[in-house]
Amino acid sequence: MKDIHEAAEVAARWWAERIVGNTRHDNGDTNLSSAFAMWMADAGQETPSRAQIETFEAAVIRGIEEFPYKPPVCLCSDYGPGGVLLDAANEARINVLNFPFKTNMFVEPNQVRVSAGYAQPYETIWEKRGGQDDA
């Protein structure tokens, strides 16, 4: 899906900025045992190298472009990354605890939308401007 490349780059960069090893985990539950579990997830993170981040970004872009179904592509991290994100994390050897909880992104050729955390509204983080020609 060549027409999704620009959106894929935006998506990969956004996720790369979130997995550098300082994620505050939050699942929306305020009880003590949940707070302790979130603290443990925070403590389990590892700081990836620049090379790992670059490998991750390239793998996310490739995963979006090679996604076998019609867009939108969902990049989701519930209590850890799934699908394209998990494949990219594994390829780059990035700890899955670096990923935020309850975060969902929809990637389409003309738009990227994110719900960044438990019960957060979707926000458009990128939109292709009208009148542009991809030729």
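First, a word on what this report is: a plain description of the structure on this page.

## Comments concerning the pairing of strand β4 (residues 123-127)
Then, number 1: Where strand β3 (residues 111-116) lies against β4, four bridges are found, and the strand directions are antiparallel. Opposite Val112, over in β4, you have Trp126 as the bridge partner.
Then, number 2: Counted between consecutive antiparallel strands, the loop separating β3 from β4 contains six residues, among which Gly117 sits at a positive phi close to 125°.

## Notes on the environment of Ser49
Then, number 1: With respect to the helices and strands, Ser49 occurs in the loop between α2 (32-43) and α3 (50-65).
Then, number 2: Separated by 43 residues in the primary sequence, Ser49 and Ala92 place their C-alpha atoms 9.6 Å from one another.

## A few points about the pairing of strand β1 (residues 73-77)
Then, number 1: Of the two faces of β1, only one is covered, namely that formed by Val73, Leu75 and Ser77; the face formed by Cys74 and Cys76 stays uncovered.
Then, number 2: As paired strands, β1 and strand β2 (residues 103-108) are joined by five bridges and run antiparallel to one another. Each bridged residue has a counterpart across the sheet, and for Ser77 the counterpart in β2 is Thr103.

## Digging into helix α1 (residues 5-18)
Then, number 1: The terminal C-alpha atoms of α1 lie 20 Å apart, and with 14 residues this matches the ideal 20 Å at 1.5 Å per residue to within 8%.
Then, number 2: Of the residues making up α1, those classed as buried are Ala7, Ala8, Val10, Ala11, Ala12, Trp14, Trp15 and Ala16.
Then, number 3: Looking at the packing, one finds that the buried side of α1 touches α3, β1, α4 (83-92), β2, β3 and β4.

## Observations regarding the pattern of salt bridges
Then, number 1: In total, this model carries six salt bridges according to the counting rule given.
Then, number 2: A salt bridge links Arg18 to Glu17; its shortest N-O distance comes to 3.5 Å.
Then, number 3: By relative accessible area, Arg18 is classed as partly exposed at 29%.
Then, number 4: Residue Arg50 is joined to Glu54 by a salt bridge in which the shortest nitrogen-to-oxygen separation is 3.4 Å. Here the residue Arg50 and the residue Glu54 both occupy positions in helix α3, the gap between them amounting to four residues, near one helical turn.
Then, number 5: Accessibility expressed as a relative area gives 52% for Arg50, which makes it exposed.
Then, number 6: Here the salt bridges do not stand alone but share partners, grouping Arg50, Glu54 and Glu57 into one network.

Quick notes on the rules
Residues numbered from 1 in each chain as written. Predicted model: local features only at pLDDT ≥ 70, side-chain atom pairs only at ≥ 80, totals over all residues. Heavy atoms only, no water. Pairing = 2+ DSSP bridges. Helix = DSSP H or I, 4+ residues; strand = E, 2+ residues; numbered from the N terminus. Buried < 20%, exposed > 50% of the residue type's maximum accessible area, 1.4 Å probe, protein only. Expected span 1.5 Å × (residues − 1). Contact = heavy atoms within 4.5 Å. Salt bridge = Lys/Arg side-chain N within 4 Å of Asp/Glu carboxyl O.

From the geometry alone we can't say anything about function, so treat these as descriptive.
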